[in-house]
Amino acid sequence: VQQADDSTQVQQADDSTQVQQADDSAQLQQAGDSAQVQVPTSQLPEEEMQAQLTDVSGFWEDDQAPMEYDYPMPVYDFSKVPVQLTGAWEDFGDFSANFLKGCKWSPDGSCVLTNSDDNTLRLFNMPAQLYQGQGVPQLTSVLKMRESETVYDYCWYPRMTSFQPETCCLVSTSRDNPVHMWDAFTGELRCTYKAYDHVDEIIAAHSLTFNPEGSKLYCGFNKTVRIFETSRPGRECETRPTYARKSGQGGIISCIDVNPDQPDIYACGSYSKSVGVYTEPKGKLLFLLQGQQGGVTQVMFSPDGNRLYSGGRKDPEILCWDMRNPGTVLYSLKRQVLTNQRMYFHINSTGQYIMSGSHDGVISVWDTTVTPVPEDSSTEPVIQPVLTWRGHSDAVNGASFHPCAPVLATASGQRKFHVPMDSSDSDTDESDEELMSDRHVTRDNSLRVWSPSG
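The rules behind these values
- Throughout, residues of each chain are indexed from 1 in the direction in which the sequence is written.
- At least 70 in pLDDT is required for a residue's local features to be given in this predicted model, at least 80 for side-chain atom pairs to be given and counted, and no such filter applies to totals for whole chains, interfaces and linings, which use all residues.
- The side-chain figures draw on all heavy atoms in the structure; neither hydrogens nor water molecules are used.
- Each residue is assigned to one of three classes by its accessible area relative to the maximum for its type, calculated with a 1.4 Å probe on protein chains only: buried under 20%, partly exposed between the two thresholds, exposed over 50%.
- Only DSSP runs of H or I with at least four residues qualify as helices, and only runs of E with at least two residues qualify as strands; both kinds are numbered from the N terminus onward.
- Any two strands between which DSSP finds at least two bridges are classified as paired.
- Lines fitted to C-alpha atoms define the axes, with helix axes restricted to the stretch in contact, and inter-axis angles between N-to-C directions lie between 0 and 180 degrees.
- Put simply, the grid is 1 Å and covers the protein atoms alone, a cavity is a trapped set of points that fit a 1.4 Å probe, a pocket is an open set with protein on both sides within 12 Å along at least five of seven lines, and lining residues have an atom within 4 Å of a point.
- Grid points are joined across faces, edges and corners, and a volume is the space filled by probe spheres set on the points.
- All residues other than Ala, Val, Leu, Ile, Met, Phe, Trp, Tyr, Cys, Pro, Asp, Glu, Lys and Arg, Gly among them, are scored as polar; the first ten of these are nonpolar and the last four charged.
- Any Phe, Tyr or Trp ring, taking Trp's six-membered ring, that has another such ring centre within 6.5 Å forms a pair; planes under 30 degrees apart are called stacked, those over 60 apart edge-to-face, and the others tilted.

A. Expanded view of the pairing of strand β23 (residues 307–312). With six of its six residues buried, β23 lies for the most part within the structure. One ladder, built from five bridges, connects strand β22 (residues 296–301) with β23; its direction is antiparallel. Among the inter-strand pairings, F301 is bridged to a residue of β23, identified as L308. What sits between the antiparallel neighbours β22 and β23 is a turn of five residues, in which G305 has the positive phi angle 80 degrees. Across five bridges, β23 lies against strand β24 (residues 317–322) in antiparallel orientation. The residue of β24 that forms the bridge with S310 is L319. Between β23 and β24, which pair antiparallel one after the other, the connecting turn spans four residues, and K314 there sits at a positive phi close to 50 degrees.

If you want it as structure tokens, here you go:
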């Protein structure tokens, strides 16, 4: 390309035009090559994977950022029970204990991602009829990404859009493994982000999230947050202890979220029942929030960044914290959580509605514009749900609003243990086996998609 540019200074106008066209073609070809994967990245050495991802990142920075779209705001009708449009359950039926662990719509709304107890991330494409309020047959996963151990957390690249394949990726973290970035088109492993302990052994992150621009990857560890540059996989990262000199936020950092309105502020939830709010560029602790009854399993900022929501395990409420008046709880949202599993809640794109499931299969939706009502003088004001319905026959651990359509997704299931019958209660082995069978255990391991539109 440089030679072509030099030649334009000495050639005539017609030749100059031809060289300029060749120059433009070469630049486009170079950009196209950087965005395509010629070889499955799981077979590449780490240095080549790093260079490959760096090329794609450079393509965004030098030309233009990934395309963004102004989607119409979805209109919800929560005056009646939503209609189930479709679902998926056969995908999780390989063995009866394969319960789900949440569901998350892609940022462009084209597909939904699930995690389940078989250590597999599944991708389900949404048919066009779905957005017209029409029912469709049972969904089947189009892509499966398998981890070797229990998946702790997973999330989408925030600027993902199907019109730009290089942005279609997601990350996951699992026990005894580094953070993996997966290609959402091929299911291949793109690259890894590795964290090491003091004896130079790989340690797994317990939580992860991107900043809104997608340039940084925040990972939570025991009393530590590590931050990777998305374009530089490998072991290079910034380490920020959250607890030092007997002060700060202790425990395992179980969840992280970055303020969408002020990306230099991020929040970390811990199994020590605390929520810490930090600021860039050094990760200084601004304030520490205490109030959850159980270990914090999720934190999420409202779209305007003025409120922070937190929920915990074996904790019957979601707390709303006022970011403008630190330490103040504006209101709480009641739900039933009786186990240690992560029970996701989600906020819609305008911040008006919050949806969460409960241990008994009930799904609740709250309207945050409703005035909270104090139950008594010693507790926080409470917002009552505008709608509740039994969507599953088991614990609802996943709930997600579609980013641009009036469509909801929920996921269900939980770990269940068989209790052997006491031998004094029966004289025959046959009845023992009968009581140990699945007929005495109610299971609902499924993904369901709903339409709450009027």
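B. Representation of the sheet that holds strand β19 (residues 265–270) within the structure. On the basis of which strands lie adjacent, the open sheet formed by four strands has the order β18-β19-β20-β21 and antiparallel pairing. Because the sheet does not close on itself, it has two edges, and the strands there are β18 (253–258) and β21 (284–290). The average undirected angle you get between the axes of adjacent strands in this sheet is 20 degrees. Sheet analysis places β18 next to β19, joined by five bridges and oriented antiparallel. Directly across from C255, in β19, lies its bridge partner G269.

C. Main features of the environment of L123. Its location among the elements puts L123 in strand β4 (residues 120–125). Assessed through its relative accessible area of 3%, L123 is described here as buried. Here the alpha-carbon distance between L123 and L113, two residues ten residues apart in the chain, equals 4.8 Å.

D. A look at the layout of surface pockets. Within this model, the second largest pocket holds a volume of roughly 550 Å³. Together, 21 residues line the second largest pocket, and K101, V151, N340, Q341 and R342 are the ones closest to its centre. Of all the secondary structure elements, the ones that give two or more residues to the lining of the second largest pocket are β2 (100–105) and β6 (151–156). Here the lining of the second largest pocket takes four residues from β6, the largest share from any one element. For the lining of the second largest pocket, a count of residues per class yields seven nonpolar, nine polar and five charged.

E. Structural view of the packing of aromatic side chains. Scanning the model with the defined rule gives eleven aromatic pairs in all. For the pair Y266 and Y278, a centre-to-centre distance of 5.5 Å together with 15 degrees between the ring planes defines the contact as stacked. Highlighted residues: Y266 in strand β19 and Y278 in strand β20 (residues 274–279), separated in sequence by twelve residues. Judged by relative accessible area, Y266 falls into the buried class, the value being 1%. On the basis of relative accessible area, Y278 is assigned to the buried category, the value being 3%. Relative to W450, the ring of W389 has its centre 5.6 Å away and its plane inclined at 75 degrees; by these criteria the two rings are edge-to-face. Here W389, found in strand β31 (residues 387–390), pairs with W450, found in strand β34 (residues 447–451); they are 61 residues apart in sequence, far enough to count as distant. The exposure classification of W389 matches that of W450, with both residues buried.

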